[in-house]
Amino acid sequence: MTAFTAWPSSPDGLVELYPRLPEPALRVNFIASVDGAVTVDGLSGGLHGPGDKEIFESLRMVCDALIVASGTVKAENYDALRLTPEARKWRLDHGLPEFPLMVIVSRSLNLDLDQLVFSDAPIRPIVLTCRGAPAERVAEVADVIAAGDDRVDLAAGVAALHERGATQLLSEGGPHLLGSLIEADLVTELCLTVSPMLVGGGPGRIAAGPATPQPRSMSLRHVLTLEDMLFLRYGR
Ligand SMILES: NC(=O)c1ccc[n+]([C@@H]2O[C@H](COP(=O)([O-])OP(=O)(O)OC[C@H]3O[C@@H](n4cnc5c(N)ncnc54)[C@H](OP(=O)(O)O)[C@@H]3O)[C@@H](O)[C@H]2O)c1
């Protein structure tokens, strides 16, 4: 039986609710409206509400690597992964590098290298691509991991991150990346924020792409609420 959990009174409480795990993990964080929309006017920002920023930042603080795909990097105009001074101190106090790795998934490598996610990065980002991709330009600003021949082999990419010591992985989307991660059976945890909005038809859901042959069942770890926001943590 999973109980409703009270919203924690301190940031440490969020770390206890969304901890680093003893085994390798790939945690996915998403926000959706109560009618299942993943964006408002093409962005997730319109869904935000009390509490989700705190969870978003806590998940980033405890991870070894943040994974995001190029569609989201472009749509959300991703900044560099810069944590608050308190979060950086927490990481150093817990024996972690000051910043997590930032991993950008792209097959085409049609990326704007002037975007802050590259040009303002506190540590060299990683671009996860495939061997057929033209990587010379990107290699000037990022470490390149080539996994798969003609398409990005996400399982091989995850294994490559594990080899670098990054076993606590956090994905911030988007829906095509989540669809591919589910297809490859790589998702170990889904942290879903339900925003109290009816957005209507138009935007897609949190997973996109081809149907997965076999649905994967998950277990509810906790339910948190703050005002009208709902925070669900599911694990495999
Ligand atoms: N509500 C939320 O929590 C949330 C979270 C994230 C994003 N979003 C929204 O979702 C939208 C973007 O999502 P999206 O689904 O269009 O893009 P996405 O999943 O972020 O990126 C997809 C792109 O990644 C690259 N890619 C390379 N290998 C891949 C693989 N194996 N599987 C999947 N993608 C691969 C491809 O681009 P190239 O090869 O051409 O580079 C592909 O088009 C935006 O509107 C954003 O605001 C919402």
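Residues numbered from 1 in each chain as written. Predicted model: local features only at pLDDT ≥ 70, side-chain atom pairs only at ≥ 80, totals over all residues. Heavy atoms only, no water.

**Observations regarding the site of the ligand**
Residues in close proximity to the ligand total 26 residues, the closest being Ser70, Thr72, Glu76, Ser106 and Ser180. In the environment of the ligand, a nitrogen atom lies 2.8 Å from a nitrogen or oxygen atom belonging to the backbone of valine 38. Taking glycine 174, its main chain carries an N or O atom lying 3.0 Å from an oxygen atom of the ligand. For the shell around the ligand, the secondary-structure elements that each account for two or more residues are β2 (25-33), α3 (70-75) and α8 (175-183). A class-by-class count of the residues in the shell around the ligand yields 11 nonpolar, 12 polar and 3 charged. (Near = heavy atom within 4 Å. Polar contact = N/O pair within 3.5 Å; in protein donor to acceptor, adjacent residues only side chain to side chain. Helix = DSSP H or I, 4+ residues; strand = E, 2+ residues; numbered from the N terminus. Nonpolar A, V, L, I, M, F, W, Y, C, P; charged D, E, K, R; others polar.)

**Focus: the pairing of β2**
Counting buried positions along β2 gives 9 out of 9 residues, so the element sits mostly inside the fold. Burial along β2 is two-sided: Ala25, Arg27, Asn29, Ile31 and Ser33 and Leu26, Val28, Phe30 and Ala32, pointing in opposite directions, are all buried. In this structure, β2 lies alongside strand β7 (residues 168-171), joined through 4 bridges in parallel fashion. The residue of β7 that forms the bridge with alanine 25 is glutamine 168. Judged from the 7 bridges that link them, β2 and strand β8 (residues 189-195) form a sheet pairing that is parallel. Across the sheet, serine 33 pairs through a bridge with serine 195, a residue of β8. (Buried < 20%, exposed > 50% of the residue type's maximum accessible area, 1.4 Å probe, protein only. Pairing = 2+ DSSP bridges.)

**What about the nonpolar core?**
One finds Tyr18, Met102, Ile104, Leu111 and Phe118 to be the most contacted residues of the largest nonpolar core, which totals 38 residues. Take this core: its biggest share by element is 4 residues, from helix α2 (residues 52-62). Beyond its immediate chain neighbours, meaning those up to four positions away, isoleucine 104 contacts Val68, Val73, Leu111, Val117, Phe118, Pro125, Ile126, Val127 and Leu128. One finds Val28, Val103, Ile126 and Val152 within the second-largest nonpolar core, a separate group that totals 33 residues. (Core = buried A, V, L, I, M, F, W, Y, C linked by side-chain atoms within 4.5 Å. Contact = heavy atoms within 4.5 Å.)

**Observations regarding the sheet that holds strand β9 (residues 219-226)**
Taking strand neighbours across the sheet as the criterion, the 10 strands line up as β1-β9-β10-β8-β2-β7-β3-β4-β5-β6 in an open arrangement whose pairing is mixed. At either end of the open sheet lies a strand with only one pairing partner, and these are β1 (4-5) and β6 (143-146). Pairing analysis gives 5 bridges linking strand β3 (residues 65-69) to strand β4 (residues 101-105), with the strands arranged parallel. Bridging across to β4, valine 68 finds its partner in isoleucine 104. The strands that α2 touches are β2, β3, β7, β8, β9 and β10 (229-235); relative to β2, the one it contacts most, it runs at about 165°. (Axes fitted to C-alpha atoms, helices over the stretch in contact; angles between N-to-C directions.)

**Focus: the side chain of threonine 39**
Inspection of the secondary structure assignment puts threonine 39 in the loop between β2 and α2. Not counting the four nearest positions on each side in its chain, threonine 39 is found in contact with Ser44, Leu47, Val199 and Pro203.

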